[in-house]
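Residues per chain are reported as follows:
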Amino acid sequence: MDNNKRPNDMIRITTEELAAAFIEEQVQAIQEQVGDKKVLLALSGGVDSSVVAALLIKAIGKQLVCVHVNHGLLRKGEPEQVVQVFRDEMDANLVYVDAIDRFLDKLEGVEEPEQKRKIIGAEFIRVFEEEARKLEGIEFLAQGTIYPDILESDGVKAHHNVGGLPEDLQFELVEPLKLLYKDEVRVVGKALGLPDGMVYRQPFPGPGLGVRCLGAITRDRLEAVRESDAILREEFAKNGLEGKVWQYFTIIPDFKSVGVKEGKRSFEWPVIIRAVNTKDAMTATVEDVPFALLQHITDRITHEVPGVNRVCYDLTPKPTGTIEWE
Ligand SMILES: Nc1ncnc2c1ncn2[C@@H]1O[C@H](COP(=O)(O)OP(=O)(O)OP(=O)(O)O)[C@@H](O)[C@H]1O
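All values derive from a computational prediction rather than experimental measurement.

Engineer: Sorry, what's going on with the site of the ligand here?
Structural biologist: Neighbouring the ligand are 15 residues; Ala42, Ser44, Gly46, Asp48 and Ser49 lie closest to it. If you list the elements that add at least two residues to the shell around the ligand, you get helix H2 (47-60) and strand S2 (64-70). For the shell around the ligand, the residue count by class is 6 nonpolar, 8 polar and 1 charged.

Structural data, given as structure tokens:
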């Protein structure tokens, strides 16, 4: 049997009971596969790797080693949440790597988006590899591969891999979610006790805020992206748009404009707000955010985020614009 193919009679996991049954079955399968060996997992704090982590913690406890890389491009509060949920609450074996300077130094002066993505991906592999080499006796690598990843890669190879690890660091894979769709992963995550903020998290690009700080990333502009994004998320949550709008975030371009602040001329960055809805990410429509809310968010961002004097709303559907700017 092709174990990368979802059986036709597999019931869609939509309830707590179905999730509980799946968890029980997977805990057993993981224990059988792994025995008393150690498993390594790159834990981003995103839905997929978090659910894999919670499942493995339930199955094998401290035989799982999670590595969370803070590359400085995560959203406000995310690295802290990973530490709180997994180390403090679930008592997991968590290695937290502060790699902020490494990533930002490598990215300094790099303007071209594809180049930025490549640097972030390659540096991630390097950091992960270094951590893997420090650990003894690891035989398995857990991954948050889900069924759409398998379908996209035509069943040949899950594209979700921490691909690019050197030959001598090839581990046997543990992929407990590989036959599940995203909505099922969320139901399982909830049943495993993960917080809603993690389970219902909106999609976030691999290179993180790095592709929302347009052009060459600078630390001050990156901080402004992070702060403005946090304000946008807070206001959307308060006003019932969280969970309703598919994806929303802020972008800061690499140019400034003239403004007035406290009676004086200012020369600062604009923040661009993007809020879109889509079914399959191939096309997207712009959310009709109430004007008064946009004005309130503008007021907060221009007053609370240092270095920003202007806010714009991106009215472009996909096509012609893509969802992200880089
Ligand atoms: N900052 C990070 N620290 C540790 N692992 C990471 C980090 N970023 C990405 N990864 C690993 O790379 C995988 C793929 O990352 P990608 O950003 O494409 O995530 P994804 O498909 O949305 O999955 P997830 O929901 O787990 O983030 C993640 O599942 C995780 O294993």
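After presenting the structure, the write-up continues.
Engineer: Sorry, what's going on with the packing of helix H4 (residues 100-107) against helix H5 (residues 113-134) here?
Structural biologist: A pair of packed helices can be characterised by two numbers: the angle between their axes and the separation between those axes. Close contact between H4 and H5 brings their axes to 10 Å; oriented N to C, the two are set at 145 degrees. Viewed along their axes, H4 and H5 form a crossing whose handedness is right-handed. Residue-level inspection shows Arg102, Phe103, Lys106 and Leu107 of H4 in contact with H5, the latter providing Lys116, Ile119, Ile120, Glu123 and Val127.

Engineer: Before we go on, may I ask you to explain the UniProt feature "binding site: ATP" (unreviewed entry) in the chain in this structure?
Structural biologist: Per the UniProt entry, the sites bearing "binding site: ATP" (unreviewed entry) are Ser44, Gly45, Gly46, Val47, Asp48, Ser49 and Ser50 in this numbering. When you line up the elements, Gly46 lands in the loop between strand S1 (38-42) and H2. Residues within four places of Gly46 in sequence aside, it is in contact with Arg201 and Phe204. Take Asp48: it is sitting in helix H2. The exposure class of Asp48 is partly exposed, given the 19 C-beta atoms found within 10 Å.

Engineer: Even after reading the chapter, I still don't get H5, so can you show me in this structure?
Structural biologist: Given 3.6 residues to a turn, an α-helix orients residues that are three or four positions apart in the same direction. Across its 22 residues, H5 extends 32 Å between first and last C-alpha, which sits within 8% of the 32 Å expected from 1.5 Å per residue. In this structure, the buried residues of H5 make contact with S1, S2, H4 and strand S4 (138-142).

Engineer: Just checking my understanding: could you explain the nonpolar core for this structure?
Structural biologist: Generally speaking, nonpolar side chains in soluble globular proteins are found buried as a group. Ranked by internal contacts, the top residues of the largest apolar core, which has 79 residues, are Val39, Leu41, Val51, Ala53, Leu56, Leu64 and Cys66. Here the element with the most residues in this core is H2; it accounts for 10 residues. Counting contributing residues per domain, this core is built from domain 1 (16-199) and domain 2 (212-313), each supplying no fewer than three. Ignoring any residue separated from it by four or fewer positions in sequence, one finds Leu56 in contact with Ile30, Val39, Leu41, Leu64 and Ala142.

Engineer: I would appreciate a short explanation of the sheet that holds strand S3 (residues 93-98) in the present structure.
Structural biologist: The strands that make up a sheet are held in pairs by hydrogen bonds between backbone atoms, and each pair lies either parallel or antiparallel. Strands sit in the order S3-S2-S1-S4-S5 across an open sheet of 5 strands; the sheet is parallel. Of all strands in the sheet, those bounded by a partner on one side alone are S3 and strand S5 (172-174). In this sheet, neighbouring strand axes are inclined to one another by 30 degrees on average, regardless of whether the strands run parallel or antiparallel. Set on the sheet, H2 makes contact with S1, S2 and S4; between it and S1 the angle comes to about 160 degrees.

Engineer: Explanation requested: the pairing of S1 in the structure shown.
Structural biologist: Within a regular beta strand, the side chains point alternately toward one face of the sheet and then the other, so they alternate between its two faces. Of all the 5 residues making up S1, 4 are buried; the element is thus mostly covered by neighbouring parts of the structure. Direction of pairing for S1 relative to S4: parallel, over a ladder of 4 bridges. Following the sheet pairing, Leu40 is matched in S4 by Leu141. Sheet topology note: the S1/S2 ladder contains 4 bridges and is parallel. Note that in S2 the partner of Leu40 across the bridge is Val65.

Engineer: I'm lost on the domain arrangement of the chain in this one. Help?
Structural biologist: For an interface, size is often stated in terms of accessible area lost upon the parts coming together. Domain boundaries in the chain define domain 1 (16-199) and domain 2 (212-313). Here the C-alpha centroids of domain 1 and domain 2 sit 29 Å apart. Every contact between the two is made by 7 residues of domain 1 and, on the other side, 8 residues of domain 2.

Engineer: Before we go on, may I ask you to explain the environment of Gly109 in this structure?
Structural biologist: Tracing the chain through its elements places Gly109 in the loop between H4 and H5. Residue Gly109 is classed as exposed on the basis of its C-beta count, with 8 C-beta atoms lying within 10 Å. Here the alpha-carbon distance between Gly109 and Arg221, two residues 112 residues apart in the chain, equals 13 Å.

Engineer: Before we go on, may I ask you to explain the environment of Glu24 in this structure?
Structural biologist: The topology assignment puts Glu24 in helix H1 (residues 16-34). Taking the C-beta count within 10 Å as the criterion, Glu24 has 11 such neighbours and is therefore assigned exposed. Separated by 64 residues in sequence, Glu24 and Asp88 place their C-alpha atoms 24 Å apart.

Engineer: Help me out: how do you make sense of unusual backbone geometry in this one?
Structural biologist: Peptide bonds are trans in most cases, and residues, glycine excluded, mostly fall at negative phi. Here Lys318 and Pro319 are connected by a cis peptide whose omega angle stands at -15 degrees. Its place among the elements puts Pro319 in the segment after strand S10 (308-313). Note the cis peptide between Pro319 and Thr320, where omega equals 20 degrees. Mapped onto the elements of the fold, Thr320 is located in the segment after S10. We note that Asp91 has phi near 55 degrees; this positive angle belongs to a residue other than glycine. Looking at the element boundaries, Asp91 is found in the loop between helix H3 (78-89) and S3. Of note, the phi angle at Glu262 is positive, near 50 degrees, even though the residue is not glycine. Its location among the elements puts Glu262 in the loop between strand S7 (257-261) and strand S8 (264-277). Judged by the 5 C-beta atoms lying within 10 Å of it, Glu262 is exposed.

Rules used throughout
Residues numbered from 1 in each chain as written. Predicted model: local features only at pLDDT ≥ 70, side-chain atom pairs only at ≥ 80, totals over all residues. Near = placed C-beta within 6 Å. Helix = DSSP H or I, 4+ residues; strand = E, 2+ residues; numbered from the N terminus. Nonpolar A, V, L, I, M, F, W, Y, C, P; charged D, E, K, R; others polar. Axes fitted to C-alpha atoms, helices over the stretch in contact; angles between N-to-C directions. Left-handed = near helix turned anticlockwise from the far one by under 90°. Contact = placed C-beta atoms within 7 Å. UniProt positions renumbered as here; feature names shortened; annotations may be inferred. Buried ≥ 20, exposed ≤ 12 C-beta atoms within 10 Å, placed from the backbone. Expected span 1.5 Å × (residues − 1). Core = buried A, V, L, I, M, F, W, Y, C linked by C-beta atoms within 7 Å. Domains from an automatic or database assignment. Pairing = 2+ DSSP bridges.

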